[in-house]
Amino acid sequence: MNELEDLYREIILDHYKNPRNQGVLVTPPAVMKEGFNPLCGDEIQIYLQVEEGTLVDIKITGQGCSISRSSASLLSQAVKGRSLTEVEAIVAQFRQMMALHGGSSSEVDPPELDERALGELAALRGVVKFPVRIKCAMLAWSTFEAAISQATSS
Ligand code: ZN
């Protein structure tokens, strides 16, 4: 266990114990999507509100393991207040990070992203070593993408 892994574990634990952006938003104008990971029993509800191309607010409720909960918290922190273009870049970057050992190397490089944007999300990098945990980490992200497409299609 090196120092970086210690730091990453602390970040994940911190987001699990003190999840950011917990709660609900009024729908409408917000949209809500639910996700479920039967392999682990993780469940999540994501509320978000998009105004003029910006994700102005995001709230999350649900329950599950530490990886799924901290991933959701890290996601909400990374995307809140950002433009949809930036949000898309963050999601692409995260998906690429999670696919490191997934065998799908055919994807094009995601748009450039400053390190501050990825930030603490890098803490979830260690999850790729445990394939069963990738589904836990991805639950919030796939649910989030579904919510974003619903919010932008109406
Ligand atoms: Zn889980």
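Since the structure is predicted, the reported quantities are computational estimates derived from the model, not experimental observations.

> How should I be thinking about the overall build of the protein chain in this particular structure?
Along its length, the protein chain carries five helices and three strands. The N-to-C order of helical and strand elements in the protein chain reads α-β-β-β-α-α-α-α. Expressed as a percentage of the 154 residues in the protein chain, the buried residues total 44%. Of the contacts made within the protein chain by residues no fewer than 6 positions apart, 66% connect residues no fewer than 24 positions apart. As displayed, the protein chain has an accessible area near 8400 Å², and 51% of this comes from carbon and sulfur atoms.

> Just to check I follow, could you spell out the confidence of the model for the protein chain for this structure?
Parts of the prediction with low pLDDT should not have their coordinates interpreted in detail. Across the protein chain, the average pLDDT comes to 88, with 87% of residues at or above 70. Taken as a whole, residues 110-114 scores under 50 in pLDDT and shows ten contacts with residues more than four places along the chain or in a different chain.

> Explanation requested: the coordination of the zinc ion in the structure shown.
A metal bound by six donors in octahedral fashion has ideal angles of 90 or 180 degrees, whereas one bound by four tetrahedral donors has an ideal angle of 109.5 degrees. At the metal site, the zinc ion is ligated by C40 (SG), D42 (OD), D42 (OD), C65 (SG) and C136 (SG), and these contacts range over 2.1 to 2.7 Å. Along the chain, the residues donating to the zinc ion are arranged with the sequence spacing C-x1-D-x22-C-x70-C. Of the two residues, D42 is situated in strand β2 (residues 42-51) and C65 in the loop between β3 (54-63) and α2 (66-79); the sequence distance between them amounts to 23 residues. C65 carries the same exposure label as D42, and that label is buried.

> What should I look at first to understand the nonpolar core in this one?
Across soluble globular proteins, nonpolar side chains have a tendency to be buried as a group. Grouped together as the largest cluster of nonpolar side chains are 41 residues, with contacts concentrated most on L48, M98, W141 and F144. Of all elements in the fold, only α1 (3-17), β2, β3, α2, α3 (84-98) and α5 (131-153) reach the threshold of two or more residues within this core.

> What am I meant to see in the environment of I67 here?
Of note, I67 is situated in helix α2. Residue I67 is classed as buried on the basis of its relative accessible area, which comes to 12%. In the structure, I67 is positioned 66 residues away from R133 in sequence and 7.3 Å away in space, judged by C-alpha atoms.

About the criteria used
Residues numbered from 1 in each chain as written. Predicted model: local features only at pLDDT ≥ 70, side-chain atom pairs only at ≥ 80, totals over all residues. Heavy atoms only, no water. Helix = DSSP H or I, 4+ residues; strand = E, 2+ residues; numbered from the N terminus. Buried < 20%, exposed > 50% of the residue type's maximum accessible area, 1.4 Å probe, protein only. Contact = heavy atoms within 4.5 Å. Areas by Shrake-Rupley, 256 points an atom, 1.4 Å probe, with all protein chains shown as cover. pLDDT = per-residue confidence, 0-100. Donors = N, O, S within 2.8 Å, 3.2 Å for Na, K, Ca; no water. Core = buried A, V, L, I, M, F, W, Y, C linked by side-chain atoms within 4.5 Å.

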